[in-house]
Structures are given as C-alpha cells and as structure tokens.
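The chain contents come next:
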Amino acid sequence: MKILYFAMFRERLNRSEEELNPPAEVKTVADLIAWLRSRDEAADLAFEKPSLVRAAIDTKIVKSDALIANAQTVALFPPMTGG
C-alpha cells in the first residue's frame, strides 16, 4: 500500500510517500497511524495528536475508523481550512 504524506506531515517526516505492508492487525486508519508511530520516532512526533490527522483512502476522505483492507493508497494530511 502506498502512504502519502501532505503538508506538515511531509515536512516533519522528510518524505512525501512510501510503500508499506502493514501487519494484519492494522485494520483501520487509526490502527495505521498507531502502527506508523510505533515504527519511527519522527512519525511518533508528527502524529502525536492522532485526532487531528485526516485521511483519504483511494482519494475518498474517510474517518479514522475506516477499514484500510484492499486500499491502494492512504493519504494522511492535517486539518484544512478554506479561504
């Protein structure tokens, strides 16, 4: 699965994307964020407030309890404001 990082997450992680194979117990977006945090100190800091992380699965905006099974791409980004 491809994980895309946007805005401050891209800057804090110093990467815009990566290919990962999360373990079977990682079933939701929230699980994915927790797993990413457990693997990497930079990710732990970047996602220290998981409730503020927004996600899209295959270009569709989803909530943190959305299942990631069969996802080709998961995008993670901070809250957005309009203007």
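This text follows the structure it describes.
Because the structure is a prediction, the values reported are computed rather than measured.

(A) Highlighting the pattern of salt bridges. Overall, the coordinates contain four salt bridges when judged by the stated rule. Among the salt bridges present, the one from Arg 37 reaches Asp 44, with a minimum N-O distance of 2.7 Å. The class for Asp 44 is partly exposed, based on a relative accessible area of 31%. Taken together, the shared-partner salt bridges connect Arg 15, Glu 18 and Asp 40 into one network.

(B) Summary view of the environment of Pro 79. Relative to the helices and strands, Pro 79 resides in the segment after β5 (73-77). Accessibility expressed as a relative area gives 42% for Pro 79, which makes it partly exposed. Taking the C-alpha atoms as reference points, Pro 79 and Met 1, separated by 78 residues in sequence, lie 23 Å from one another. The residues contacting Pro 79, other than those within four sequence positions of it, are Leu 52 and Arg 54.

(C) Representation of the nonpolar core in the model. In this structure, Tyr 5, Phe 47, Val 74 and Leu 76 are the most contacted members of the largest nonpolar core, which totals 23 residues. The leading source of residues in this core is helix α2 (residues 29-39), at five residues.

(D) Region of interest: the pairing of strand β1 (residues 2-5). Inspection of the sheet shows β1 paired to strand β2 (residues 17-19) by three bridges, in the antiparallel sense. Across the sheet, the residue bridging to Ile 3 is Glu 18, located in β2. Note: β1 against β5, four bridges, orientation parallel. Each bridged residue has a counterpart across the sheet, and for Ile 3 the counterpart in β5 is Val 74.

(E) Inspection of unusual backbone geometry at higher detail. Of note, Asn 14 is a non-glycine position whose phi angle comes to about 60°, a positive value. Of note, Asn 14 is situated in the loop between α1 (8-13) and β2. By relative accessible area, Asn 14 is classed as exposed at 71%. Positive phi values are uncommon outside glycine, yet Thr 59 reaches one of about 75°. Mapped onto the elements, Thr 59 comes out in the loop between β3 (54-57) and β4 (60-62).

Rules of the game
Position numbers for residues start from 1 in each chain and track the written sequence from start to end. Since the coordinates come from a predicted model, pLDDT governs what is reported: local features require at least 70, and pairs of side-chain atoms require 80 or more to be given and counted, while whole-chain, interface and lining totals use all residues. Note that the side-chain values use all heavy atoms of the structure and ignore hydrogens as well as water. One speaks of a salt bridge when a side-chain nitrogen belonging to Lys or Arg is within 4 Å of a carboxyl oxygen belonging to Asp or Glu. Buried, partly exposed and exposed residues are distinguished by accessible area as a fraction of the type maximum, computed with a 1.4 Å probe on protein chains only: under 20%, between the cut-offs, and over 50%, respectively. Only DSSP runs of H or I reaching four residues or more are called helices, and only runs of E reaching two or more are called strands; each is numbered from the N terminus. Here, two residues are considered to be in contact whenever any of their heavy atoms come within 4.5 Å of each other. By convention a nonpolar core is built from buried Ala, Val, Leu, Ile, Met, Phe, Trp, Tyr and Cys residues, the set being connected through side-chain atoms within 4.5 Å. We call two strands paired when DSSP finds no fewer than two bridges between them.

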